[in-house]
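# A structural walkthrough
Listed below, chain by chain, are the residues.
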Amino acid sequence: MIGPEMVAVPSGMIQIGETGQDKFANDTERPRTQVRCEGFLLGRGPVTIGEYRMFQPAHEAGLPDDWPVAGVSWVDAVSYCRWRGEGWRLPSEAEWEYACRGGTSSAYYHGDSISPQDANYRYHEDGSKVGPGQRTPVGSYPPNPYGLFDMLGNVNEWTADLWHPSHAGRPATTGVFAGGRGGHRVLRGGSWDYLPRLLRCCWRDWLPESTRRDNVGFRLARDL
């Protein structure tokens, strides 16, 4: 079975969490914590509907193959990883932020502001509608410095971690943060129906792991 296109994310250090004078930062993004990432592989884009239909043929019938898949729970995403075979997994939350930043330290990986040409999101901060109002084909917007598409916007992405209400106590590596709130998994990236503040690299949220929504998908990871 042909796997999705993967990008080699290099080893390095990162400051996880709020950056600079970010007026939208909140306590879930604090304290800023330095961690080391060991190199790994991450999907160039989120899993698409077409890729997911190899696993569940009837999923999101009638929608384009090149849209990122949505309507999948964390449990579904893990099942897809297992179906793919040994070694496939979801990224940890810290791996996700490290890869998203691509070596940058700004609010977004291209700077401290964002425009509708940078990512798929629905509203300006003043509430006016600017985005397409639906998912768009993976790769429709510029990639980040590591060549990864749609790390911000389009669909929220499940990560492996259980939810912690802050970064306090986070380990010094980008492995899964042990413990956390049972059954509540971390989401990253923001989505097509969000405000720009919810697409910042350090933004984080959670949902119960059995939840399915039309703005939540995932991407795959593997160890090098």
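Above this text sits the structure in question.
This structure is a prediction, so every number in the text was calculated from the model and none was measured.

Assigned secondary structure in the protein chain consists of three helices and nine strands. Seen in sequence order, the protein chain has helices and strands lined up from the N terminus as β-β-β-β-α-α-α-β-β-β-β-β. Against the 2.2 N^0.38 benchmark of 17 Å for 224 residues, the protein chain shows a C-alpha radius of gyration of 16 Å, consistent with a compact globule. Expressed as lengths along the three principal axes of its C-alpha atoms, the size of the protein chain is roughly 45 × 40 × 30 Å. Counting over 224 residues, the protein chain shows a buried share of 54%. Contacts spanning at least 24 positions in sequence make up 71% of the contacts within the protein chain whose residues lie at least 6 apart. Across the protein chain, the 24 positively charged side chains and the 27 negatively charged ones have centroids separated by 2 Å.

Moving on, we come to the pairing of strand 2 (residues 12-16). Side chains Gly-12, Ile-14 and Ile-16 project from strand 2 onto a buried face, and the interleaved Met-13 and Gln-15 project onto a face without burial. Bridging between strand 2 and strand 3 (residues 33-37) involves five bridges; their strand directions are antiparallel. Residue pairing across strands places Ile-14 opposite Val-35, the latter belonging to strand 3.

Rules used throughout
Residues numbered from 1 in each chain as written. Predicted model: local features only at pLDDT ≥ 70, side-chain atom pairs only at ≥ 80, totals over all residues. Heavy atoms only, no water. Helix = DSSP H or I, 4+ residues; strand = E, 2+ residues; numbered from the N terminus. Rg over C-alpha atoms; globule rule 2.2 N^0.38 Å. Buried < 20%, exposed > 50% of the residue type's maximum accessible area, 1.4 Å probe, protein only. Contact = heavy atoms within 4.5 Å. Lys, Arg positive; Asp, Glu negative; His and termini not counted. Charge placed at Lys NZ, Arg CZ, Asp CG, Glu CD. Pairing = 2+ DSSP bridges.

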